[in-house]
Every structure is written in structure tokens, then in C-alpha cells.
Amino acid sequence: MASSSSGEFDLIARYFSRPVRRSPLGGGDDCALLAPAAGMQLAVSSDMLVEGRHFLSTVDPASLGHKALAVNLSDLAACGAKPLAFTLALALPAMDGDWLQRFSQGLYALADAHGCELVGGDTTRGPLNICITVFGEVPAGQALLRSGARAGDELWVSGTLGDARLALEVFRGTAQVPSEVFAAARARMEGPTPRVALGLALRGVASSAIDLSDGLAGDLGHVLKASGVGATLDADAAAQCVAARAQQPALLDAAGWRQLALAGGDDYELAFTAPPAAHEAVLAAAQASGTAATRIGRIEAEPGLRIVDGRGQAIANERFASFDHFG
Ligand SMILES: Nc1ncnc2c1ncn2[C@@H]1O[C@H](COP(=O)(O)OP(=O)(O)O)[C@@H](O)[C@H]1O
Ligand SMILES: Cc1ncc(C[n+]2csc(CCOP(=O)(O)OP(=O)(O)O)c2C)c(N)n1
Ligand SMILES: [Mg+2]
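Residues numbered from 1 in each chain as written. Chains lettered and ligands numbered in written order. Predicted model: local features only at pLDDT ≥ 70, side-chain atom pairs only at ≥ 80, totals over all residues.

Naming follows an unreviewed UniProt entry, where the protein chain appears as Thiamine-monophosphate kinase of Xenophilus arseniciresistens. Per UniProt, the comment on the protein chain under Catalytic activity (unreviewed entry) is "thiamine phosphate + ATP = thiamine diphosphate + ADP". The annotation that UniProt attaches to the protein chain under Function (unreviewed entry) is "Catalyzes the ATP-dependent phosphorylation of thiamine-monophosphate (TMP) to form thiamine-pyrophosphate (TPP), the active form of vitamin B1." (UniProt positions renumbered as here; feature names shortened; annotations may be inferred.)

Structural data, given as C-alpha cells:
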């Protein structure tokens, strides 16, 4: 009907209709048109954020706009793909101009930072739900895959781990931390930084990569399975990557820090493998992209994930369960 239609299309025109420059056709027609450069493959990935499951109803809409795109760009980063464009499918409980203004601000700020254009989407009324599909490009045959890890490779992780989970536990009332620790952890939970530059720099260097959303131990399992290999993971090396630990070392015991790092979730860092001969090239890629890279283990021929402490002793009595929507 005309009245509800004009509301819907007015909303799209007002908040989600900037002109596109890099794509032949953006929103407004039945399809958008993309034109990846010659010799490039399209990398495509979707991730959805659902209120109450992926974010709290109290989150700043600008942060939500940022995070909805960030978790998707993180998948492009894991493939070594350069962001091109994205679509936005949105279910909204009501037309709230202030909310939309702030959401689109956060969304476009990250999109602009990566030269990634909004080229279309869908808008309906319903429980708050945001689904983005990103499109990137990567030279044919050069995408970083989960299946490329080989025995003898070093295992690396970017950035920091576990801080988003720490903030979530504070929100849930199950952890208490000093206010400056909470502020930093909350920034990681609500505003993850997709490691796009690192992913690009790792093309031709890393043998495999994955982005970390459900938790390091579980996500690493996908790489091991896809590659037909196993690994030894130094849980204490990974636990050194929790930023809150540097701020407040006595907040948790060693097992607590390991739990955050290996089973926290919501990290949006890259775990990747590379042959030892590429060790210096990995460090150079990390430096060139302004991202920390920490070596946390080694790939082995024997299948399975062996989790050890800093002295190489097996950790048998700790469970590192990853996030599972139906687990
Ligand atoms: N509903 C679906 N239909 C088809 N493929 C799906 C669906 N849900 C997930 N997948 C695929 O399953 C794989 C694992 O999904 P997921 O764990 O969400 O990956 P990621 O952590 O990279 O977002 C991905 O390759 C994804 O494309
Ligand atoms: C309110 C709330 N509850 C729980 C979490 C933690 N959390 C929700 S989904 C998720 C895993 C990642 O989400 P998923 O949909 O599995 O992303 P994908 O693996 O597909 O990238 C985590 C750690 C959160 N961020 N906010
Ligand atoms: Mg997904």
C-alpha cells in the first residue's frame, strides 16, 4: 500500500542510498552490478547479527552498525580479499530516525575506511536483525583458505584475544573488573577491528587462515579438519594475547586467562599458518599492516588438537568449548 511503501522507501532513501563509485550499479534496481577487475575472483560471505544473541539491546546503534560490517569484513580478511561492496538486509521493529541515523553513521564510517560500498539490501519490519553480505576480490587462485595448513607450519594469531568475552561477562554480571579494564574490553566487544590489511599482506605468505568468531580452539579445529592435519597449541602463549591481562594481571589465574583466549569468542582476529621459512615474512606482514602477530603453536601430521601449557605439558582438565548456536 502506498502509505507504508513510502515509509519504507523513504527510510532507504534517507539512510541507505549514497551514490556508488566503484560498482557499475548500486541500490534502486532489482540487482546491483559488480565488476571485479580482470583476473580477480569474487569472495562472498554473509553474517547476521540478532538482538539478544549477538548484541545487547542497550548497545549504541553506531557501534552496532560498525560491528555488523566488521564481522563480515573479518571473513574477507581471512581470505586475503580486498573489500569491494556489501548488501544490508535489515529487520526493524519500528521506524526510529535517531537510531537509523546513528546506525548508518557507524556503518558508513567503517565502509568508507575500507572503500567498501553499500550496493543494496532489503528492509522489513520485524525483530531487530541485521544481515550483511560482503563482496571482495582476490587474484584468482590466491585466496587464503582453511584447507592449506601443512605439517611443520607455524601457527599464528593476530591482535588480542578474549577481551570481548570479558566485557560480555561483566555485562552479564558474572565478572567484575576495574572501569578502565571494562572500557577497553567493551571497545573490543562492540567495535572489533577487521584485520583486512593483515589478510592482504598474508597473501602468498600464509598457507591457511580463518577468522575467529566462536573461539580460538573451536575455530582452529575447522582449519585442522579442512587441512587434514593436527596441531599443538600453546595455551599460555595464546593467553598472553588477552589485553586485559597486561592491565590487571591478577584479575584471573592462568586457567582463567586460557579460558578467555581459547574459548572466549567474538575476537574477529585471524588465526593463520605459514611455513617456518616464512617466519620473517609473517613478521613483516604484521608490521606493514600495523597488527600484532603472535606464534602460538605448530601444525603436525597427527590429526587432533593438542593443547599444552607454557612448559609443553598437556592440559587435560580444562575444556575449551566454542560458541555454538545449537550446542
Ligand atoms: N544457511 C546456510 N546456507 C548455506 N551455507 C551456510 C549456511 N550457514 C552457513 N553456511 C556456510 O557454512 C560455513 C560455516 O559457517 P560459519 O561458521 O557461519 O562461518 P564463519 O565463521 O566464517 O561465518 C560457511 O562456509 C558458510 O558459508
Ligand atoms: C548478547 C550477546 N550474547 C552473546 C554474545 C557472544 N556471541 C554471540 S554470537 C558469538 C559467536 C559468533 O557469532 P556467529 O553467528 O557464530 O558468527 P560466525 O561464526 O558465523 O561468524 C558469540 C561469541 C554476544 N556478543 N552478545
Ligand atoms: Mg557465519
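Back to the text.
Draft legend 1. A look at the overall build of the protein chain. Secondary structure summary: the protein chain contains eleven helices and ten strands in total. Taken along the three principal axes of its C-alpha coordinates, the protein chain extends 70 × 50 × 35 Å. Expressed as a percentage of contacts within the protein chain between residues at least 6 apart in sequence, the contacts between residues at least 24 apart total 85%. (Helix = DSSP H or I, 4+ residues; strand = E, 2+ residues; numbered from the N terminus. Contact = placed C-beta atoms within 7 Å.)

Draft legend 2. A look at the confidence of the model for the protein chain. This prediction gives the protein chain a mean pLDDT of 97; 98% of its residues lie at or above 70. In the predicted structure, residues 1–5 sits below a pLDDT of 50 and forms zero contacts with residues beyond four places in sequence or in another chain. (pLDDT = per-residue confidence, 0-100.)

Draft legend 3. Representation of the UniProt feature "binding site: substrate" (unreviewed entry) in the protein chain within the structure. The UniProt feature table records "binding site: substrate" (unreviewed entry) at His54, Asp266 and Phe323. These annotated residues cover 270 residues of sequence, and their C-alpha atoms lie no more than 11.1 Å from one another, placing them together at a single site. The topology assignment puts phenylalanine 323 in the segment after β10 (304–308).

Draft legend 4. Fine view of the UniProt feature "binding site: Mg(2+) 1" (unreviewed entry) in the protein chain. The positions that UniProt labels "binding site: Mg(2+) 1" (unreviewed entry) are, in the present scheme, Ser46, Asp47 and Asp122. For serine 46, a count of 13 C-beta atoms within 10 Å corresponds to the partly exposed category. Contacts of serine 46, omitting those with residues within four sequence positions, involve Cys131, Ile132 and Thr133. Position of aspartate 47 relative to the elements: it lies in strand β1 (residues 40–50). With 20 C-beta atoms counted inside 10 Å, the residue aspartate 47 sits in the buried group. Beyond its immediate stretch of four places on either side in the chain, aspartate 47 contacts Val71, Asn72, Asp75 and Ile132. (Buried ≥ 20, exposed ≤ 12 C-beta atoms within 10 Å, placed from the backbone.)

Draft legend 5. The arrangement of the domain arrangement of the protein chain in detail. Split by domain assignment, the protein chain resolves into domain 1 (2–139) and domain 2 (146–308). Taken over C-alpha atoms, the centre of domain 1 sits 27 Å from the centre of domain 2. Tallying the contact residues gives 18 residues for domain 1 and 18 residues for domain 2. For the side of domain 1 that touches domain 2, the element with the most residues is helix α2 (residues 61–79), which contributes twelve residues. Split by residue class, the side of domain 1 that touches domain 2 holds ten nonpolar, five polar and three charged. (Domains from an automatic or database assignment. Nonpolar A, V, L, I, M, F, W, Y, C, P; charged D, E, K, R; others polar.)

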